[in-house]
Amino acid sequence: MAGQRPTLILVHEPERACLEHLLADGFSRQAAMEISSYLAQSTDMDPEFCALADACTERGLDFRAVVLDDAATVLASADRSTSLVWTLTDGIAYFRGGASPALARLNGLRTIGADDSLFALCQDKFRAGAVLTALGLPVPAAGLLRGGDWLVEPPASSSGYFVKPNRLGAKIGIWADSRIGKVGDALALGLRVFDAYRDEVIVQPYVAGRNVRASFLAVDPKVGPEALGIVFVDSGGDFQTMADSMALYGDTGIAARQAGQYVEPELVQVASVQPRAAEKIRQVAVKLMAGLGLRDVFSLDFRVEADDTVHLIEFEVCPGLPCFDFRAYCRTEWQLGLVEAMAETAARRLMR
């Protein structure tokens, strides 16, 4: 339509819709609740949609929040010349958000974020690890276990192993006993995950070090890896579990905060403590942006040892934008609050 204002379309899958979808598919209510908690960023972002709309208006844009189940209809009628699609939630198995960038491509719409093929790749840790290894990146080798059967056996390890679901994020299916001493101990965890979530597990040699999150948002479309924010995420334990994650975000996080049980992890700039490690991480991001096509917005998870050895654990094309770490990144790198950073990112692409 002639004269239509530039519009940011934010597509998100609500926790409730995911929960109902999983229950209809036969998951237990407990497992469905745990799985759908991955989409807590949608819950946490919803109260800020009005503020995001105001921030867009200030920049000459319209804003439209679209739930995933309405996305096919909305994107089919969106104007190609004035619309920009930002997918807030991803997923190919338990979650369905990966359909959004594919629908945008089908309708010839511009997008914020990586190519839709990466929305599928990052949701399969084993396949993603194979690709990252082929790019020469420092990814721990992994075995793959379905229930009690090895599909791929892991390499020998003197440091023990770490076991986690292959296709689930947000620490779902990671418990306090997910670090094990012997490879045979993975069988019980593999059965536990498969029985609860119908997922395979990857079994990796345990790597020591501190947890690091590297966040990226190209508010200015011209920036590169120099805009990466690289922080230690210290939560008081060796690794975060599903219980830790659920206490931070979404409906369960709200309840935890109201009960005074919310403890936000501490963020420390890696460059201030281990500058060589920070530079290694930045170079990993360079390779990922050039070789894999990461762009616009993403996050990377690492383990960093005291001697500056870095281990790339996984990448995410739909980082939790309303999470504490990404908000801190927007303030530190761009001197903007989250909604202002999002609106400015859209405006610089739609208004140029």
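Note: the structure precedes this text.
Residues numbered from 1 in each chain as written. Predicted model: local features only at pLDDT ≥ 70, side-chain atom pairs only at ≥ 80, totals over all residues. Heavy atoms only, no water.

## Section: the sheet that holds strand β14 (residues 310–316)
And then number 1: Sheet architecture is open: five strands sit in the order β12-β11-β10-β13-β14, paired in antiparallel fashion. Sheet topology places β12 (266–269) and β14 at the edges, where each strand pairs with a single neighbour. Strand-to-strand twist across the sheet, computed as the mean angle between neighbouring axes with direction ignored, equals 30 degrees.
And then number 2: With eight bridges connecting them, strand β10 (residues 210–217) and strand β13 (residues 297–304) associate as antiparallel partners. Its bridge partner lying in β13, Val212 is registered against Phe302.
And then number 3: Running at roughly 135 degrees to β13, helix α12 (residues 275–291) makes contact with β10, β11 (229–234), β13 and β14 of the sheet. (Pairing = 2+ DSSP bridges. Helix = DSSP H or I, 4+ residues; strand = E, 2+ residues; numbered from the N terminus. Axes fitted to C-alpha atoms, helices over the stretch in contact; angles between N-to-C directions. Contact = heavy atoms within 4.5 Å.)

## As for the pattern of salt bridges
Pairing between side chains of opposite charge can happen when their charged atoms approach one another.
And then number 1: By the definition in use, this model includes 21 salt bridges.
And then number 2: Between Glu48 and Arg327 there is a salt bridge, and its shortest N-O distance comes to 2.3 Å. On the criterion of sequence distance, the pair formed by Glu48 in the loop between α3 (40–45) and α4 (49–58) and Arg327 in helix α13 (residues 324–334) is long-range, its members being 279 residues apart.
And then number 3: Accessibility expressed as a relative area gives 18% for Glu48, which makes it buried.
And then number 4: Here Arg327 falls in the partly exposed class, since its relative accessible area comes to 23%.
And then number 5: Two residues, Arg167 and Asp199, come together in a salt bridge whose shortest N-O distance is 3.2 Å. With a gap of 32 residues between them, Arg167 in the loop between β7 (161–165) and β8 (179–180) and Asp199 in the loop between α9 (186–197) and β9 (201–205) connect regions that are remote in the sequence.
And then number 6: We classify Arg167 as partly exposed; its relative accessible area is 26%.
And then number 7: Take Asp199: its relative accessible area is 0%, and that puts it in the buried class.
And then number 8: Each of Glu58, Arg59, Asp220, Glu344 and Arg348 takes part in salt bridges that share partners, so that together they form one network. (Salt bridge = Lys/Arg side-chain N within 4 Å of Asp/Glu carboxyl O. Buried < 20%, exposed > 50% of the residue type's maximum accessible area, 1.4 Å probe, protein only.)

## What to know about the packing of helix α1 (residues 15–24) against helix α2 (residues 29–36)
And then number 1: At a minimum axis separation of 9 Å, α1 and α2 run at an interaxial angle of 145 degrees. As α1 packs across α2, the resulting crossing turns out to be right-handed. Across from Glu15, Cys18, Leu19, Leu22 and Leu23 in α1, the residues of α2 making contact are Arg29, Ala32, Met33, Ile35 and Ser36.
And then number 2: Looking at the contact of α1 with α2 residue by residue, the class counts come to seven nonpolar, one polar and two charged. (Left-handed = near helix turned anticlockwise from the far one by under 90°. Nonpolar A, V, L, I, M, F, W, Y, C, P; charged D, E, K, R; others polar.)

## So, the packing of aromatic side chains
And then number 1: In this structure the tally under the stated criterion is seven aromatic pairs.
And then number 2: On the basis of an interplanar angle of 20 degrees and a centroid distance of 4.8 Å, the ring pair of Phe216 and Phe298 is categorised as stacked. Here Phe216 is found in strand β10, whereas its partner Phe298 is found in strand β13, with 82 residues between them in sequence. Exposure class is identical for Phe216 and Phe298. Each is buried.
And then number 3: Between Phe326 and Tyr329, the aromatic rings sit 5.5 Å apart at their centres with planes inclined by 55 degrees, giving tilted as the arrangement. On the criterion of helical spacing, the pair formed by Phe326 and Tyr329 is a turn pair, its members being three residues apart in helix α13. Per residue, the accessibility class of Phe326 equals that of Tyr329, and both read buried. (Phe/Tyr/Trp six-rings, centres within 6.5 Å; stacked < 30°, edge-to-face > 60°.)

## Topic: the sheet that holds β7
Pairing between the strands of a sheet comes from backbone hydrogen bonds, and it takes one of two forms, parallel or antiparallel.
And then number 1: Within the open sheet, the five strands sit side by side as β6-β5-β9-β7-β8. Their pairing is antiparallel. Two strands bound the open sheet, and with one partner strand each, they are β6 (149–152) and β8.
And then number 2: By the bridge criterion, two bridges tie β7 to β8 in an arrangement that is antiparallel. Across the sheet, Tyr161 pairs through a bridge with Ile180, a residue of β8.

## Considering the environment of Leu23
And then number 1: Along the polypeptide, Leu23 turns up in helix α1.
And then number 2: The class for Leu23 is partly exposed, based on a relative accessible area of 26%.
And then number 3: In this structure the C-alpha to C-alpha distance between Leu23 and Met33, which are ten residues apart in sequence, comes to 9.2 Å.
And then number 4: In this structure Leu23 touches Ser28, Arg29 and Ala32, once residues within four positions along its chain are discounted.

## Examining empty space enclosed by the protein
And then number 1: Counted under the stated rule, the structure contains two cavities of 30 Å³ or more.
And then number 2: Volume-wise, the largest cavity comes out at about 1100 Å³.
And then number 3: Lining the largest cavity are 50 residues, and of these Ala170, Lys171, Arg213, Asp301 and Glu314 lie nearest its centre.
And then number 4: Of all the secondary-structure elements, those providing two or more residues to the lining of the largest cavity are α3, β7, β9, β10, α10 (242–246), β13, β14 and α13. (1 Å grid on protein atoms, 1.4 Å probe; cavity = no way out; pocket = protein on both sides within 12 Å on 5 of 7 lines; lining within 4 Å. Points joined across faces, edges and corners; volume = space filled by probe spheres on them.)

## Topic: unusual backbone geometry
And then number 1: The residue Arg198 is not glycine, and still its phi comes out positive at about 60 degrees.
And then number 2: Classification of Arg198 as partly exposed rests on a relative accessible area of 36%.
And then number 3: A positive phi angle, near 55 degrees, is found at Gln335, a position not held by glycine.
And then number 4: Considering the arrangement of structural elements, one finds Gln335 in the loop between α13 and α14 (338–350).
And then number 5: Relative accessible area serves as the criterion here: at 60%, Gln335 is assigned to the exposed category.

Read these as geometric descriptors, not functional statements.
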